[in-house]
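Here are the chains, one letter per residue:
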Amino acid sequence: MRSRHHDIADDLRQQITTGRIQPSERLPSEADLAGQYKVSTVTLRRALAALQGEGLVEKVHGKGNFVRRPHRKILYVGGWGTLDPRTAAEPASRVTVRSDVVQAQAHLTTLLKVPLGSPIVEITCISHEGESPRGLARIYMPRDLVPAGVLEDDSTCRDAVTRFAVLTPPPAALREAVCARPPTPDEVSTLRLGPASAVLSITRIATDSTGRVIEVTLLTFPGDRVDAVFTTHRVTDERQAQE
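A short tour of the structure in this document, coming up. (Residues numbered from 1 in each chain as written. Predicted model: local features only at pLDDT ≥ 70, side-chain atom pairs only at ≥ 80, totals over all residues. Heavy atoms only, no water.)

### Topic: unusual backbone geometry
Here Lys113, not a glycine, exhibits a phi torsion of approximately 55 degrees, which is positive. Within the secondary structure, Lys113 sits in the loop between helix 5 (106-112) and strand 6 (119-129). The class for Lys113 is exposed, based on a relative accessible area of 64%. Phi is positive for Phe164, close to 55 degrees, though the residue is something other than glycine. (Helix = DSSP H or I, 4+ residues; strand = E, 2+ residues; numbered from the N terminus. Buried < 20%, exposed > 50% of the residue type's maximum accessible area, 1.4 Å probe, protein only.)

Right under this line is the structure:
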């Protein structure tokens, strides 16, 4: 037997897709909707959860449920380690930044190749399109390698942060590992994701000419809001080139 919450989700979905309920429009309260459909709030929330998982509805804490406006995708350029400049410069785009000095723990000691408890700088950046978050970057650097101006919000560093770019001087090597996975509870909250969403996760490691790790960045993007482009170059064997 078909569950009642499926019928409610179908009705709301039709109203959204036909334009009867407009993008960014706030839905009636959950209590009002439950009364309208003559169901319990538990059943009504199951219907809303289905729409949230499809990306049609977004729940904003303390404000209610809103019809989600279709997102313009952002472009991440692999190898350069940055958002496409046109993406980062969109008028509706903004980035919130928070920096702290913390002690290296767990997997960060392995990624940064530093002893447990070493002082490191953590910079958390969240990219927004209007009020909707669309990307998260957590940047980590050994405290003694942090460039001047990073913690003082220097304008040059601020521009790099806005593009999720590498903050240290140009590294000798940049390694990026990419995977698609379910979001963590913290990412669900920060990026306002539905329970069935997937994220694109990029672990970016920058090293200097001696092989020392100078920066590690953990990037997370909602899977439906990003395109990642990586360009490869054929490596020619020097011996073959000389023949």
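### Notes on the environment of Arg212
As for its placement among the helices and strands, Arg212 is situated in the loop between strand 9 (199-207) and strand 10 (213-222). According to the relative accessible area criterion, Arg212 is partly exposed, its value standing at 37%. For the pair Arg212 and Leu112, spaced 100 residues apart in sequence, the C-alpha separation works out to 8.4 Å. If we ignore the near neighbours within four places in the chain, the residues touching Arg212 are Pro142, Asp144, Leu145, Ala206 and Thr207. (Contact = heavy atoms within 4.5 Å.)

### Describing the sheet that holds strand 4 (residues 82-83)
Strand order across the open sheet formed by three strands is 4-3-11, with mixed pairing between neighbours. Only two strands of the sheet have a single partner each, and these edge strands are strand 4 and strand 11 (226-229). One ladder, built from two bridges, connects strand 3 (residues 74-77) with strand 4; its direction is antiparallel. Residue Tyr76 lies in a different strand from strand 4, and its bridge partner there is Leu83. (Pairing = 2+ DSSP bridges.)

### Remarks on the side chain of Thr168
Following the sequence through the fold, Thr168 ends up in the loop between helix 6 (155-162) and strand 8 (173-181). Residues in contact with Thr168, not counting those within four places in the same chain, are Met141, Leu145, Pro147, Ile214 and Glu215.

### With respect to the environment of Phe164
In this structure, Phe164 sits in the loop between helix 6 and strand 8. When the C-alpha positions of Phe164 and Ala137 are compared, they lie 6.8 Å apart, and in sequence the two are 27 residues distant. Discounting chain neighbours no more than four positions away, the residues touching Phe164 are Gly81, Thr82, Leu83, Val95, Cys125, Ser127, Gly135, Leu136, Ala137, Arg204, Leu219 and Phe221.

### Details of the pattern of salt bridges
Where side chains of opposite charge bring their charged atoms close, a pairing between them can arise. Overall, the coordinates contain twelve salt bridges when judged by the stated rule. As a salt-bridge pair, Glu30 and Arg45 come within 2.7 Å of each other at their nearest N and O atoms. Note that Glu30 is positioned in helix 2 (residues 30-37) and Arg45 in helix 3 (residues 41-53), a separation of 15 residues in sequence. Residue Arg45 is classed as partly exposed on the basis of its relative accessible area, which comes to 46%. The salt bridge partner of Arg192 is Glu58, with a shortest N-O separation of 3.5 Å. Note that Arg192 is positioned in the loop between helix 7 (185-191) and strand 9 and Glu58 in strand 1 (residues 57-60), a separation of 134 residues in sequence. What makes Glu58 buried here is its relative accessible area of 8%. (Salt bridge = Lys/Arg side-chain N within 4 Å of Asp/Glu carboxyl O.)

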